[in-house]
Amino acid sequence: MKRRDSLKALSLAGFGMAVNPVEAAVPAPPDVKPLKIPGGRQKFEAERDAKLNAEKFFTPHELQTVTVLSDIILPADDRSGSASQAGVPAFIEFMMKDQPKNQTPMRGGIRWLDNTCTKRYGKAFMLCTKAQQIDMVEQIAYPSKAKPDMTQGASFFSFMRNMTASGFYTSQMGVKDLGYVGNVPNQWDGVPADVLKQYGLAYEERELNQDK
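Note that this is a predicted model, so its numbers are computed, not measured. (Residues numbered from 1 in each chain as written. Predicted model: local features only at pLDDT ≥ 70, side-chain atom pairs only at ≥ 80, totals over all residues. Heavy atoms only, no water.)

1. Side note on the overall build of the protein
Here's step 1: Each helix and strand in the protein was counted, giving 10 helices and zero strands.
Here's step 2: Across the protein, helices and strands are ordered from the amino to the carboxyl terminus as α-α-α-α-α-α-α-α-α-α.
Here's step 3: Within the protein, buried positions represent 30% of all 212 residues.
Here's step 4: Considering only residue pairs separated by 6 or more positions, the protein has 58% of its internal contacts joining residues 24 or more positions apart.
Here's step 5: A total of about 15,400 Å² of accessible surface is found on the protein, and carbon and sulfur atoms cover 56% of it. (Helix = DSSP H or I, 4+ residues; strand = E, 2+ residues; numbered from the N terminus. Buried < 20%, exposed > 50% of the residue type's maximum accessible area, 1.4 Å probe, protein only. Contact = heavy atoms within 4.5 Å. Areas by Shrake-Rupley, 256 points an atom, 1.4 Å probe, with all protein chains shown as cover.)

2. Regarding the nonpolar core
Here's step 1: One finds Ile 92, Met 106 and Leu 113 to be the most contacted residues of the largest nonpolar core, which totals 37 residues.
Here's step 2: At the level of elements, helix 3 (60-73), helix 4 (88-98), helix 5 (103-121), helix 6 (130-138) and helix 7 (151-168) are the ones that each hand at least two residues to this core.
Here's step 3: Beyond its immediate chain neighbours, meaning those up to four positions away, Leu 113 contacts Thr 65, Leu 69, Phe 125, Met 136, Ile 140 and Phe 156. (Core = buried A, V, L, I, M, F, W, Y, C linked by side-chain atoms within 4.5 Å.)

3. Regarding the side chain of Ser 70
Here's step 1: Examined against the element boundaries, Ser 70 turns out to sit in helix 3.
Here's step 2: Taking relative accessible area as the criterion, Ser 70 reaches 0% and is therefore assigned buried.
Here's step 3: Those residues within four positions of Ser 70 in sequence are excluded, and the remaining contacts are Ala 83, Ser 84, Val 88, Pro 89, Met 160 and Thr 164.

4. Here we look at helix 6
Here's step 1: Every buried residue of helix 6 is accounted for by Gln 133, Met 136 and Val 137. Buried residues of helix 6, viewed axially, fall in a sector of 100°; they line one side. Those residues of helix 6 that are exposed and aimed more than 90 degrees away from the buried face are Ala 131 and Glu 138.
Here's step 2: Summarising the contacts, the buried residues of helix 6 are in contact with helix 3, helix 5 and helix 7. (Arc of directions from axis to C-beta.)

So, in structure tokens, the structure goes:
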């Protein structure tokens, strides 16, 4: 082998050793799912929703607290499921990112709830028994009856109640619970028989059979 060929081979081998590990270290591009644009929405709205959905606001502890509170506010019954089964915690998570002004009242309210429960029961709200959780909620559920040291909690619970109701009754489960069917076309069965009789009128046979 000529000297030039030897140097060329060594150079290529060295280049390969330098490049291959780098190439292996470059991660594959992430799978980009096509953007879904729901009916009635514009592209920029769908892009914003996708961005907000990809972000996280609640910590796991906060999300668990919101879930328990929402189910206390709207528990399951013989008519429909609970708030969490309707997706209310996810709705509240989204609204915190959609309306950042609500983040401080929400996070501050959860912290107040945990601090108050720790003072009263020796543990955070999530770690309390069901009876203790209900006892705590009953003290802040009615603003007009709340004691002075519970006014902040009452304000937070009212906020949570509004968010829970909004999330539940705009969900598929909540709409069904309301019995709302939306705008549906009427079915025209013709002039009632008693009205036709009153005016001495009647449908002809061809009119009765034209839609059959």
